[in-house]
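Per-entry structural report
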Amino acid sequence: MKDKNSVWSFFASVKLALFTLSAISITAIIGTVIPQNQKFGLYAQQYGDTAAQVIKVLDLHDMYGSWWFLGLLGLLSANIIICSIDRFPTAWKQMTTDQSGIAIAKIEKMALSHRIPAREKLSPDEVKTVLKNEGWKLTTKTSDDGTVIAGQKGNWSRMGVYLVHTSMLVIFIGAMIGHFFGFKASVFLPETRVTDKVYAAGHRSPIDLGFELRCDFFTIDFYDNGMAKKYVSGLTVLEDGKAPFSTEIAVNTPLKHNGITFYQASYEGYKDFVFKLTDPADGTVHTFIAPFQEQVEWKDKDIVFGVVNAEAFRDHVTRIKIWFKEGNSEPVEFWVDDNGIQEVASVSGAPYSLQAKQMYATGLQVAKDPGVWLVYLGFFMMLAGLYFSFFTSHKRVWIVTGQGREVLVAGSANKNKEGFEKNFTTLTDKLTDKLA
Amino acid sequence: MDSSQLIGITTFTYLFSSLLYVGILVFKAERQVGKAATFFTLAALIIQTIGIGLRWYESYELGIGRAPLTNMYESVVFFAWAIVAFYLFLEWKIKTRVIGAFAIPFAFLAMAYASFSSVNKAITPLLPALQSNWLIAHVVTCFIGYAAFAVAAGLSLMYLVKSTVGDNIRPGSVLDSIPTLKVIDDITYKSMIFGFIWLTAGIITGAIWANSAWGTYWSWDPKETWSLITWFVYAVTLHVRYTRGWSGKRIAWLSLLGFISVLFTYYGVNFLLSGLHSYGSN
């Protein structure tokens, strides 16, 4: 790294960083103004053919994934990497070098220094005790000119900026891992149905899950004013050689299985109805799908039933009118609330338990992102790094004893110099009390 | 007494405090009304805090039960709260009241917008997507950042006014009572650092929330993109300050540019562009 050529210093420069950050900021605005990922015809319609051509050539319809925008992000990354490699060794040295080796003449010339008239024959141990109680990490060096006790605090502060810069790279790497090894997809899964595939966002190509997912039910709770309060899907994971596993998901509480996460995203209401009939003989539950105003048969029991009418609020059914006939007995008709349970007399005596509800499909957002933990790690590093960079400073003090009757105290800090001056005065006061 | 009455009282008290702080600046009446300005501002902040708390309680009474941080009205009220809290912290820290004339009016304007514009003030239930504890973390962190940037912008205005007049300041004049340019510059920079850290936390909590609700932590939604643009503007400012030694007027202009970006992220995006944060516009 010693033979710095001009290319190297270009990539290590703050100028490049300022250029890249500004360029990203300004160009990023484009994507917030031009609608993204629309069909080409829409741009032609909205902006005219020439402008639409420009949009196409420069990928402005998908600008955050365009070659030139990713190029800018790449340039920023290269800049961060090379700038860090360029400057890190100096910072590491400043952080780790034993400060007691510094020449006494240099200490005497420091901007912040103080001389304390002291007793004769001062022991460095007394000075050290005062400093140690204040939390300074100490090193000592004795020469013919006297003893130098060097103390430092907060030396990790110098790493803050590298932590912040590295955190951005960690986030980028996490995002790339997610992009190349993960997927974003979605699936509409009607109640009672099973899927082993989901469909990739954008090009809709099927992705194998490696297991099966069943939608047991979907429900919506409403507030009194009719706004949706909660969407809940009951899901069951079916995997070869494993016991089925059921859970409920809602918005903000997804299901995670084998690194794939299922998010409650949307739903669709059907004109079909889901019936659950419990056989009084053995308690088994039998599920049927009944389209609106069509007959459904339960052959074993010689039962015919169906939905003859329904009441709805917007597209949500609230009450269902059911027609039910067993064998040659008289058919019965009755209303149940959506998802309500009704007992229906049977020929054999014990009643059937009947549950009916509108059929929904749950809309699931499906994501696999093996890089997300790196992104979160990057977030943590960034906040920690910003804290170290801005709220801590590398403070150093030197105390020279053994020069006749005086004790020389000097100090410096790489940031927040006014704050350090106050600390320094407190320290010299303490030493004065102790030694004078 | 309900929350809207308390918030109304707050609005007028911020107006009164603004006048007191401007009075301190114009008539150099710190000795006479300085304590009163601080007192009324602090009192209004306490009343506002109770008002926000009461609105939270009222939401439970209505059977909705949610933090009062979820629509335009509530966010503007919280923005004003954060500006005043940040300003009072600064006043206590640097022991000067003149800056109040450039900070408290922002809080009053925000409250006036909340109270008198057509934004919906009703306590409405939360959409399922908004029912997350990350909502509180996200809104609180963002608005602490925005408040610090607002105060930094006020300080920058003060800096630019004072530096334009330059050496022609008559001793004893209005501008003479403003802290020295060096002091204003320093506080502006520190406010921006403070805001930057909170904005960072705001973007991060938003990303984590989006990931738990939709499975994607970043989708280049206009609001997200604009928050990143704002973040970059302040990142550039901190870099030129730290590595190229910029200070004074140039930093003041960048601080104003940053605040314009904040306002656009917060307000402009909701009304001029469309995206995930559309619920914030009602």
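As the structure is a prediction and not an experimental result, all values here were calculated from the model.

**Considerations on the overall build of chain A**
- Each helix and strand in chain A was counted, giving 10 helices and 19 strands.
- The C-alpha atoms of chain A give a radius of gyration of 37 Å, which is well past the 22 Å a tight globule of 436 residues would have.
- Each of the three principal axes of chain A carries a C-alpha extent, and together these read 120 × 65 × 45 Å.
- A total of 436 residues make up chain A; the buried ones form 43% of that total.
- Expressed as a percentage of contacts within chain A between residues at least 6 apart in sequence, the contacts between residues at least 24 apart total 56%.
- For chain A, the accessible area works out to roughly 23100 Å², and carbon and sulfur atoms hold 56% of it.
- For chain A, the separation between the mean place of its 45 positive charges and that of its 45 negative charges on side chains is 15 Å.

**Some details on the environment of Lys 415 of chain A**
Residues and elements named next belong to chain A.
- By secondary structure assignment, the location of Lys 415 is in the loop between strand 19 (406–413) and helix 10 (417–435).
- For the pair formed by Lys 415 and Trp 8, sequence separation is 407 residues and the distance between their alpha carbons is 28 Å.
- Contacts of Lys 415, omitting those with residues within four sequence positions, involve Ser 157, Phe 388, Ser 389, Thr 392 and Ser 393.
- Looking at Lys 415, its side chain comes within polar contact range of the main-chain oxygen of Thr 392, at 3.5 Å.

**Comments concerning the pairing of strand 8 (residues 245–250) of chain A**
Residue and element names in this part refer to chain A.
- Bridge count between strand 7 (residues 228–238) and strand 8: six bridges; the pairing is antiparallel. Paired with Val 232 across the strands is Ala 250, a residue of strand 8.
- Taking the residues that link successive antiparallel strands as the turn, the strand 7-strand 8 hairpin has six residues, and the phi of Gly 241 there is positive, at about 75°.

**Observations concerning the nonpolar core**
- Phe 69 of chain A together with Tyr 14, Tyr 21, Phe 79, Phe 143, Trp 231 and Phe 259 of chain B are the most contacted members of the largest nonpolar core, which has 123 residues in total.
- If we ignore the near neighbours within four places in the chain, the residues touching Tyr 14 of chain B are Thr 41, Ala 44, Leu 45, Gln 48, Val 84, Ile 104, Ala 107, Phe 108 and Met 111 of chain B.

**Concerning the interface of chain B and chain A**
- The interface of chain B with chain A comprises 41 residues on the first partner and 43 residues on the second.
- Counting the surface chain B buries against chain A, the share from its top three residues, Tyr 217, Trp 220 and Phe 232 of chain B, is 17%.
- Between chain B and chain A we count zero salt bridges in total.
- On the surface where chain B and chain A come into contact, there are 11 residue pairs in polar contact (both at pLDDT 80 or more).
- Of all elements in the fold, only helix 6 (181–214) and helix 7 (222–244) of chain B reach the threshold of two or more residues within the side of chain B that touches chain A.
- Sort the elements by how many residues they give to the side of chain B that touches chain A and helix 6 of chain B lands first, with 15 residues.
- Grouping the constituent residues of the side of chain B that touches chain A by class yields 29 nonpolar, 10 polar and two charged.

**Regarding the sheet that holds strand 15 (residues 332–337) of chain A**
Residue and element names in this part refer to chain A.
- Across the sheet, which stays open at both edges, the four strands sit in the order 12-13-14-15 with antiparallel pairing between neighbours. Each having just a single partner strand, strand 12 (296–298) and strand 15 make up the two edges of the open sheet. Taken pair by pair, the neighbouring strands of this sheet meet at an average axis angle of 30°, ignoring direction.
- Bridge analysis of strand 12 against strand 13 (residues 303–313) gives three bridges, and the strand direction is antiparallel. Bridged to Trp 298 within strand 13 is Ile 303.

**Here we look at the pairing of strand 19 of chain A**
All names here are of chain A.
- Strand 19 sits mainly inside the fold: six of its eight residues count as buried.
- Note that strand 1 (residues 112–117) and strand 19 share six bridges and pair antiparallel. Across the sheet, residue Ile 116 finds its bridge partner in strand 19, namely Val 407.

**Quick notes on the confidence of the model for chain B**
- Scored by pLDDT, chain B comes out at a mean of 88, with 95% of its residues at no less than 70.
- The complex model carries a pTM of 0.89, and its ipTM stands at 0.90.

**Some details on the packing of helix 3 (residues 40–47) of chain A against helix 4 (residues 49–57) of chain A**
Residues and elements named next belong to chain A.
- Where helix 3 meets helix 4, the axes come as close as 7 Å, and the angle between the chain directions of the two elements is 135°. Put simply, helix 3 runs oblique to helix 4. Handedness of the helix 3/helix 4 crossing: right-handed. Within the contact between the two elements, helix 3 uses Phe 40, Tyr 43, Ala 44 and Tyr 47 and helix 4 uses Asp 49, Ala 51, Ala 52, Gln 53, Ile 55 and Lys 56.
- Per-class residue counts for the contact of helix 3 with helix 4 are seven nonpolar, one polar and two charged.

**Let's talk about the packing of aromatic side chains**
- Inspection of every chain in the model, using the stated rule, returns 47 aromatic pairs over all chains.
- Arranged with centres 6.3 Å apart and planes meeting at 65°, the rings of Phe 12 of chain B and Phe 116 of chain B form a pair that is edge-to-face. Of this pair, Phe 12 of chain B sits in helix 1 (residues 3–27) while Phe 116 of chain B sits in helix 4 (residues 100–116), and the two are 104 residues apart along the sequence.
- Relative accessible area serves as the criterion here: at 58%, Phe 116 of chain B is assigned to the exposed category.
- Ring pairing ties together the aromatic residues Phe 275, Phe 288, Trp 298, Phe 305, Phe 324 and Tyr 352 of chain A, which thus form one cluster.
- Note that Arg 319 of chain A overlies the ring of Trp 335 of chain A, its terminal NZ or CZ placed 4.4 Å from the centroid.
- Arg 241 of chain B extends its terminal NZ or CZ atom over the ring of Tyr 189 of chain B, reaching a point 4.3 Å from the ring centre.

About the criteria used
Counting of residues starts from 1 at the beginning of each chain's written sequence and follows it residue by residue. Chain A is the first chain written and ligand 1 is the first ligand written, with later ones labelled in order. With the structure being a predicted model, the display of local features is reserved for residues of pLDDT at least 70 and the display and counting of side-chain atom pairs for 80 or more, all residues being used for whole-chain, interface and lining totals. Excluding hydrogens and water, the side-chain values take into account all heavy atoms of the structure. Counting from the N terminus, the helices are the DSSP runs of H or I reaching at least four residues and the strands are the DSSP runs of E reaching at least two. Two things to know: the radius of gyration comes from C-alpha atoms, and the globule rule equals 2.2 Å times the number of residues to the power 0.38. Burial classification: accessible surface area is computed with a 1.4 Å probe over protein chains only, and a residue below 20% of its type maximum counts as buried, one above 50% as exposed, and the rest as partly exposed. Any two residues having at least one pair of non-hydrogen atoms within 4.5 Å are treated as being in contact. Reported accessibility uses the Shrake-Rupley method at a 1.4 Å probe radius. Residues are deemed covered only where the shown protein chains occlude them. For the charge count, each Lys or Arg is scored as positive and each Asp or Glu as negative, with His and the chain ends excluded. To locate a charge, take atom NZ for lysine, CZ for arginine, CG for aspartate or CD for glutamate. Whenever two N or O atoms come within 3.5 Å, that pair is a polar contact, provided that in protein one can donate a hydrogen and the other can accept it, and provided that, for residues adjacent in sequence, both atoms are side-chain atoms. By this definition, two strands are paired if DSSP reports at least two bridges between them. By nonpolar core we mean a set of buried residues, namely Ala, Val, Leu, Ile, Met, Phe, Trp, Tyr and Cys, connected to one another through side-chain atoms within 4.5 Å. Buried area adds together the accessible area that both of two parts lose upon being put together, with accessible area traced by a 1.4 Å probe. Should a side-chain nitrogen of Lys or Arg be within 4 Å of a carboxyl oxygen of Asp or Glu, the pair is scored as a salt bridge. In this count, Pro and Cys sit with the nonpolar residues alongside Ala, Val, Leu, Ile, Met, Phe, Trp and Tyr, while Asp, Glu, Lys and Arg are called charged and the others, Gly among them, polar. Between N-to-C directions, angles cover 0 to 180 degrees, with each direction set by a line fitted to C-alpha atoms, over the stretch in contact for helices. Each residue carries a pLDDT score, the predictor's confidence in it, ranging from 0 to 100. Any angle from 65 to 115 degrees is called roughly perpendicular, while one under 35 is roughly parallel, one over 145 is roughly antiparallel, and all others are oblique. Working rule for handedness: look at the near helix, and if it is turned counterclockwise from the far one by less than a right angle, call the crossing left-handed; if clockwise, right-handed. Pairing of aromatic side chains requires ring centres within 6.5 Å, counting the rings of Phe and Tyr and the six-membered ring of Trp. Pairs whose planes differ by under 30 degrees are stacked, by over 60 edge-to-face, and all others tilted. The criterion for a charge sitting over a ring is simple: Lys NZ or Arg CZ within 6 Å of the ring centre, and within 35 degrees of the ring normal.

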